[in-house]
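Per-entry structural report
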Amino acid sequence: MADKKVVATVSLAGCFGCHMSMLDIDLRLLDLVQLVRFDRSPLTDIKKFTERAAIGLIEGGVCNDENVHVLREFRLNCDVLISVGECAIMGGLPALRNDIPLRECLEEAYLTGPTAVQGQRIIPHHVDLPKILDRVYPCHEIVKIDYYLPGCPPSADLIWAALSGLLSGKLDTLPRELVKYD
Amino acid sequence: MDRATELAGIVQKFKSDRTRLIDILWAAQEREGFVSHFDLEELGRLLKLSVPALREVMSFYHFFRDQPSGRFQIYLDTSMIAEMNGLSEIRDEFERQLGVKVGQTSPDGQFGLFETSCIGMSDQAPAVLINLVPFTQLNRQKVNLIVHRLRQGVELKDLVHEFGLGDAQNANSSVHSMVRNNLKKPGSFMLASVVPGAGLKKSLAHSADEVIDTVTASGLRGRGGAGFPTGKKWAACRSFQAPKRYVVCNADEGEPGTFKDRLLLTEYPALVIEGMAIAAHALGAREGIIYLRAEYKYLEAHLQQEIERFRKHLSFEFDLRIQLGAGAYVCGEESALLESMEGKRGEPRLRPPFPVEVGYLGMPTVVNNVETFALVTQIFNQGVGTFRNFGTPRSPGVRLLSVSGDVAHPGIYEIPWGIKIGDVLSMVGAQNPLMIQVGGPSGIAINANDVNREISYEDLPTGGSFMVFSKDRDLFAILSNFMTFFVNESCGNCTPCRAGNVALRELLRRFIGGHARSEDLGHIDSWASIVKRGSRCGLGGSSPNVLTTVKAAFPDLFVNAIKPGADSLFFDFNEKAATADYDRTIREMK
């Protein structure tokens with residue numbers, strides 16, 4: 001259908017939990033695919049934007065230079081950009097490393113941690129591998145973010161309410177019970 | 001004497017009373033300059049309090065230390081006025097001479113260098129406290145001399161002498177300080193015709209109710225800043241039935257830029273004590289307490305002497321003692337002050353009930369400012385009519401103004417309420433003024449062009465601080481100093497204040513650093529509203545004022561700080577800088 005809106009999604013420094021939550025809208029998925037077409041997204045495995053998107057959903061914060069590039073690409077190609085979930089909004093769990101020197105993080109991950117290969121003394125690095133940033137940033141410190149969906153993950157109902165509201169042009173305030181967590 | 005016996009003696013001296021914990025901690029800290037873990041365990045055992053409970057209280061106050069912090073503990077006053085008068089030079093000189101950075105103690109255990117908020121010396125900045133002895137109007141040479149002399153083994157007392165004693169009572173042996181009064185304009189009411197005992201005598205000729213009626217009729221409003229009608233407060237306190245009532249004098253003059261209580265306590269303590277006695281008569285109170293901020297500890301012996309001296313005027317039982325604070329701005333808030341007096345963290349209480357109903361140790365308590373008590377005395381001494389000759393209908397009488405900043409004559413002025421800003425500026429010799437902060441960082445910023453505005457509850461209320469900033473000053477630097485002050489002094493109880501002031505400072509830094517966007521203007525307003533509405537006491541209730549009032553008085557300031565193109569969808573992000581750490585780490589680990 002020609003009037004389907006285009007949606008793009010990505011998981012930066014996230015755990016894909018927010019994407020899982022999106023799939024959790026269950027039968028409403030059928031309604032959703034009537035309304036939208038997914039372009040660049042892990043759901044379609046499209047790696048480059050093929051057309052301009054109306055909505056971009058960002059899961060996860062920004063922890064390496066590739067995340068920066070992808071996020072900028074999303075900003076360039078999406079009319080509306082939404083930070084989905086705690087990591088995109090505030091850095092989340094990955095941001096716990098922000099107070100630990102990078103060197104210690106790398107040592108723990110590749111040399112001394114329980115999952116490190118015994119006897120191996122190599123920290124992976126290559127021009128093709130992303131460079132880790134000095135700290136994990138929330139998305140809105142890199143590009144302009146239009147909306148925020150809080151939660152870890154945001155509930156399926158919240159994602160549905162926001163998406164369907166935006167798509168129908170009738171997005172008002174989101175119900176309090178969907179965004180209240182304490 | 002071994003340490004355990006010594007601590008037992010201290011606890012015994014205060015009758016194992018936990019509510020005297022601040023005094024007990026001061027006494028415990030006296031010997032070594034810090035309270036060790038061993039001390040805390042002993043004190044905990046004796047007072048039946050856990051070590052964490054003791055640490056919880058101790059860590060609240062600037063001047064309690066739980067690590068060796070030097071035989072001489074130097075506290076730099078970091079107020080804006082100090083910053084304008086060479087704080088960075090004397091900080092640098094101390095660091096250079098002592099070989100330590102701020103926050104550290106020299107390896108020989110002789111010197112600790114720390115920072116604290118305004119110590120009430122803005123008319124003679126920059127100043128430091130060394131073991132709570134003030135050293136004022138410092139510069140590099142003087143810092144050099146201080147460190148040199150202390151290393152030679154010169155006593156602080158003798159060093160003060162070498163620098164030169166201050167004027168009037170400051171030179172008295174009971175004060176022995178280099179502080180200067182800087183009373184520039186004594187005025188014709190509060191500090192005029194002081195006759196010790198006269199006001200009290202006149203009040204004793206009347207019944208308690210009549211005394212309260214007189215105070216009410218005078219229209220006197222509390223001089224701490226909030227301006228609550230004193231007569232109403234007293235009447236409320238008297239209306240609650242209780243076995244005991246207390247009179248408390250709030251001498252925790254912490255608002256940056258105020259130092260008028262310093263003058264009253266140095267030169268006119270009898271006026272204050274007498275006012276407390278009048279209040280005691282009116283309330284039927286038999287005990288009074290002066291909560292003296294630790295920054296004014298150098299006045300403690302002097303005050304104690306004056307209390308003894310005043311006893312001859314007392315015809316009824318009225319016990320008065322001094323409670324020393326330990327460094328916390330928020331303790332100037334009356335319910336926080338009561339918490340502190342009860343040996344706890346100085347966190348403001350939820351109200352109601354108000355202190356007039358449930359105050360010190362649960363009893364009805366009147367807490368008034370130093371200046372309020374002095375005025376009560378003079379109202380009885382000189383009459384309500386004389387008092388009401390000054391001021392405006394809603395702001396009767398006079399008040400003391402502490403003037404600092406870019407003026408020819410910083411110091412203390414007695415002014416009638418209702419005085420025009422323009423008149424104050426010419427009186428104090430303002431130099432090319434740009435902005436005036438009326439009432440300290442928690443007050444209101446105005447444009448110096450608004451010469452027709454007046455100091456009164458109708459227009460610009462103030463707790464006495466009046467800071468003038470010239471056109472050469474960077475308003476952002478001033479705001480930054482003030483917001484850091486609030487971040488440091490928030491007690492942390494209410495999240496909107498604890499986190500909101502940090503958020504406001506971050507927003508401010510975006511403007512300073514050139515990263516601000518148009519929507520940040522709105523963010524300032526929304527955060528200000530959250531902090532003001534979500535905080536239980538006046539600290540959070542007023543801390544955002546300085547940002548919002550500067551923004552209103554100088555609308556271009558913030559707008560001009562937004563760089564062209566800042567509203568692009570792509571923000572400034574220096575990728576190279578953000579990955580430099582990674583590149584270096586990988587190089588090093590190869």
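Here, every reference points to the structure presented above.
First, a word on what this report is: a plain description of the structure on this page. Being a predicted model, the structure only gives us computed values, none of them experimental.

Rules used throughout
- In this numbering scheme, every chain counts its residues from 1 along its sequence in written order.
- Chains carry letters and ligands carry numbers; both start at the beginning, A for chains and 1 for ligands, and go up in the order they are written.
- Reporting in this predicted model follows two pLDDT cut-offs: at least 70 for local features of residues, and 80 or more for side-chain atom pairs to be given and counted; totals over whole chains, interfaces and linings ignore these cut-offs and use all residues.
- The basis for the side-chain values is all heavy atoms of the structure; hydrogens and waters are excluded.
- A helix here means a DSSP run of H or I that spans at least four residues, while a strand means a run of E at least two residues long, and both kinds are numbered starting from the N terminus.
- Values of the radius of gyration come from C-alpha atoms, whereas the globule rule sets the reference at 2.2 Å times the count of residues to the power 0.38.
- Accessibility here uses a 1.4 Å probe with only protein chains present; expressed as a share of the type maximum, an area under 20% marks a residue as buried, one over 50% as exposed, and anything in between as partly exposed.
- Contacts are residue-level and defined by heavy atoms, with any inter-residue pair within 4.5 Å sufficient.
- Accessible surface area values rest on a Shrake-Rupley calculation with a 1.4 Å probe, where residue burial reflects the displayed protein chains alone.
- Neither His nor the chain ends contribute to the count of charged residues, in which Lys and Arg are positive and Asp and Glu negative.
- Lysine's charge is taken at NZ, arginine's at CZ, aspartate's at CG and glutamate's at CD.
- Accessible-area loss on putting two parts together, using a 1.4 Å probe and summing over both, is the definition of buried area adopted here.
- The salt bridge criterion pairs a side-chain nitrogen of Lys or Arg with a carboxyl oxygen of Asp or Glu, the two atoms within 4 Å.
- Residues adjacent in sequence count toward polar contacts only when both atoms are side-chain atoms; beyond that, a polar contact is any pair of N or O atoms within 3.5 Å, and within protein one must be able to donate a hydrogen and the other to accept it.
- Under the scheme applied here, ten amino acids are nonpolar (Ala, Val, Leu, Ile, Met, Phe, Trp, Tyr, Cys and Pro), four are charged (Asp, Glu, Lys and Arg), and all others, including Gly, are polar.
- In this description, the arc belongs to the directions extending from the helix axis to the C-beta atoms.
- Stacked, edge-to-face and tilted are the three classes for Phe, Tyr and Trp ring pairs, Trp counted by its six-membered ring, which pair at centre distances within 6.5 Å; planes under 30 degrees apart are stacked, over 60 edge-to-face, the rest tilted.
- Placement of a charge over a ring requires the Lys NZ or Arg CZ to be within 6 Å of the ring centre, with the centre-to-atom vector within 35 degrees of the ring normal.

Re the overall build of chain B
- When its secondary structure is counted, chain B shows 25 helices and 14 strands.
- The C-alpha radius of gyration computed for chain B amounts to 25 Å, which stays within 12% of the reference 25 Å derived for 590 residues, consistent with globular compactness.
- Overall, the C-alpha framework of chain B stretches about 85 × 65 × 50 Å when taken along its three principal axes.
- For chain B, with 590 residues in total, the buried portion stands at 59%.
- Taking all contacts inside chain B whose residues are at least 6 apart in sequence as the whole, residues at least 24 apart take part in 72%.
- Surface accessibility of chain B: about 22400 Å² in total, with carbon and sulfur atoms responsible for 50%.
- Of note, chain B has its 65 positive side-chain charges centred 2 Å away from the centre of its 68 negative side-chain charges.

As for the interface of chain B and chain A
- Listed as interface residues are 18 residues of chain B and, on the opposing side, 25 residues of chain A.
- Both sides together, the interface formed by chain B and chain A hides about 2000 Å², and carbon and sulfur atoms give 65% of it.
- Counting the contacts that link chain B with chain A gives four salt bridges.
- In this structure, R103 of chain A and E588 of chain B form a salt bridge, with 3.1 Å as the shortest nitrogen-oxygen distance.
- Viewed at the interface, chain A and chain B are joined by seven residue pairs in polar contact (both at pLDDT 80 or more).
- Per element, the largest residue contribution to the side of chain B that touches chain A is ten residues, and it comes from helix 25 (residues 575-589) of chain B.
- Per-class residue counts for the side of chain B that touches chain A are eight nonpolar, two polar and eight charged.

Here we look at helix 1 (residues 3-13) of chain B
Residue and element names in this part refer to chain B.
- Considered for burial, the residues of helix 1 that qualify are R3, E6, L7, I10 and V11. All buried residues of helix 1 project into a common sector of 135° when viewed along the axis, lining one side. Turned more than 90 degrees away from the buried face of helix 1, the exposed residues are Q12 and K13.
- Elements that come into contact with the buried residues of helix 1 comprise helix 2 (21-30) and helix 3 (37-47).

Focus on the packing of aromatic side chains
All names here are of chain B.
- This structure, assessed with the given rule, holds 20 aromatic pairs over all chains.
- Here a set of aromatic residues connected by ring pairs shows up, and it is made of W26, F60, Y61 and F64.
- Over the ring of F114 we find R65; its NZ or CZ atom is 3.7 Å from the centre of that ring.
- We note R221 situated over the ring of Y457; from NZ or CZ to the ring centre the distance is 3.9 Å.

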